[in-house]
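Remarks on the overall topology
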Amino acid sequence: MRAILVAALAALGFLVANTSQATAGDPIKVDIYKGEVATVNSYIFSNGKSQIVMDVQRATSEAKKLAATIKAKKLPLTHILISHGHPDHYIGMDWLLKEFPGAKVVVANKDIKQDIIGFSTWMESVGWLDAEPALKPKSVKNPDGFDYEKNISVLEGNTLEFDGGGALKLDTQYKPAESNHATTVYVGDLNGLFASDFAYNKVHLWMGTGVTDEHIRNWRDQLATFQKKYGSSNPTIYPGHGNPGDMSLFAELIKYIENFQRITANATSREMAITEMKKLYPDYGEADFLLKNSVDFHVHD
Ligand SMILES: [Zn+2]
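Predicted model only: the values in this text are computed from it and were never measured. (Residues numbered from 1 in each chain as written. Predicted model: local features only at pLDDT ≥ 70, side-chain atom pairs only at ≥ 80, totals over all residues. Heavy atoms only, no water.)

1. Some words on the domain arrangement of the protein
What the domain assignment lists for the protein is domain 1 (27–156) and domain 2 (173–301). Of note, the centres of domain 1 and domain 2, computed from C-alpha atoms alone, are 23 Å apart. Between domain 1 and domain 2 lies a buried interface of about 1900 Å² when both sides are counted; carbon and sulfur atoms form 58% of it. One can count 16 residue pairs in polar contact (both at pLDDT 80 or more) joining domain 1 with domain 2. For the side of domain 1 that touches domain 2, the secondary structure elements donating two or more residues are strand 1 (29–34), strand 2 (41–46), helix 3 (87–90) and helix 5 (110–125). When residues in the side of domain 1 that touches domain 2 are grouped by element, the largest group, 4 residues, is from strand 1. Of the residues belonging to the side of domain 1 that touches domain 2, the class tally is 13 nonpolar, 6 polar and 6 charged. (Domains from an automatic or database assignment. Buried area = accessible area lost by both parts, 1.4 Å probe. Polar contact = N/O pair within 3.5 Å; in protein donor to acceptor, adjacent residues only side chain to side chain. Helix = DSSP H or I, 4+ residues; strand = E, 2+ residues; numbered from the N terminus. Nonpolar A, V, L, I, M, F, W, Y, C, P; charged D, E, K, R; others polar.)

Laid out in structure tokens, this is it:
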């Protein structure tokens, strides 16, 4: 009897092991490409058979280095996932598509696609794309421009599957905050939350044009929701900008937002608000761009 039971369990174990191997692939790993421009992160996921990259930098010069990093791993790149419609996360996609013609640019919903198109259209209108002419939108006037409509696919459902097994779990149920629409990714194999621009680590937060007082309150509330949701599993937090951190990052971000709200509400000049924020956060990066634009939008001289 015992022998039969052992044999049966062994057979069952074999079956379970085989099935999980067939469907789950190797555990998902991640490498971080840390951009120099705007300290923005690209996350290169792999299941040992193929790769998916999340966010692809603000400049083509950075995308070239990112592409070389991906190529060095000698695994096919299947997807370029853009987490939200801000240019520091998508400008590099033109170069990546040239380097990896088999890869597909994907976003989690049609709102994010529209955010990207809207942002690029606006950037072109103010001359910001003169430095990145390949990203100027395709139009009657500019037939050789970037075809956002054709090149960006909207995913169905909230998983992004790897070639060779396994998937990224995407979440988009968020109110407008740092961006109007955003995607986060949770990877169980890593116990890692890829928080996109809900999280910055030792980099000033973007609260510039478009990030209204209401959006800032939504952002703060969402950070508190993350604290509750992930408190017991204690994942590593992979931010959009800056180094990975632990759950204490959320408390630090909430404090930052509350300080920014108080200081900008009470400041009698932009200069005063910037001085006070810099005093509280002397080691935070991107003060000249991110902090300056955020204060300009929220303090009226
Ligand atoms: Zn960003």
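So, next bit.
2. Some words on the environment of Glu 62
Here Glu 62 lies in helix 2 (residues 60–72). You can call Glu 62 buried: its relative accessible area is 2%. Considered as a pair, Glu 62 and Trp 95 are 33 residues apart in the sequence and their alpha carbons are 9.7 Å apart. Leave out the neighbours within four places in its chain, and Glu 62 touches Tyr 33, Gly 35, Glu 36, Val 37 and Gln 57. (Buried < 20%, exposed > 50% of the residue type's maximum accessible area, 1.4 Å probe, protein only. Contact = heavy atoms within 4.5 Å.)

3. A few points about the sheet that holds strand 9 (residues 184–187)
The strand order across the open sheet formed by 5 strands is 7-8-9-10-11, and the pairing between neighbours is mixed. Looking at which strands have only one partner, the edges of the open sheet turn out to be strand 7 (159–161) and strand 11 (236–241). Ignoring which end each strand starts from, the neighbouring axes of this sheet average 30° apart. The pairing of strand 10 (residues 192–200) with strand 11 spans 5 bridges and is classified as parallel. Along strand 11, the bridge assignment pairs Tyr 200 with His 241. Contacting strand 10 and strand 11, helix 8 (residues 248–266) crosses the sheet at an angle of about 10° to strand 10. (Pairing = 2+ DSSP bridges. Axes fitted to C-alpha atoms, helices over the stretch in contact; angles between N-to-C directions.)

4. As for the coordination of the zinc ion
Each protein donor to the zinc ion is listed here as Asp 88 (OD), His 89 (NE2), Asp 197 (OD) and His 241 (NE2); together their distances run 2.0 to 2.3 Å. Sequence spacing among the residues donating to the zinc ion works out to D-H-x107-D-x43-H. Taken together, the residues span a long stretch of sequence, with His 89 in helix 3 and His 241 in strand 11 at a distance of 152 residues. Assessed through its relative accessible area of 0%, His 89 is described here as buried. (Donors = N, O, S within 2.8 Å, 3.2 Å for Na, K, Ca; no water.)

5. Re the pairing of strand 3 (residues 51–54)
A two-sided burial pattern is seen for strand 3, the buried positions comprising Gln 51 and Val 53 on one face and Ile 52 and Met 54 on the other. Bridging between strand 2 and strand 3 involves 4 bridges; their strand directions are antiparallel. Residue pairing in the sheet places Ser 46 in a bridge with Gln 51 of strand 3. Taken together, strand 2 and the strand that follows it, strand 3, pair antiparallel across an intervening segment of 4 residues, in which Gly 48 is found at a positive phi of about 90°. As paired elements, strand 3 and strand 4 (residues 77–81) share 4 bridges and run parallel to each other. Of the residues in strand 4, the one forming a bridge with Gln 51 is Leu 77.

6. A few points about helix 10 (residues 287–298)
Listed as buried for helix 10 are Ala 287, Leu 290, Leu 291, Ser 294, Val 295 and His 298. Looking straight down helix 10, one finds its buried side chains confined to an arc of 120°; they lie on one side. The inward-facing, buried residues of helix 10 contact strand 10, helix 7 (213–230), helix 8 and helix 9 (270–280). (Arc of directions from axis to C-beta.)

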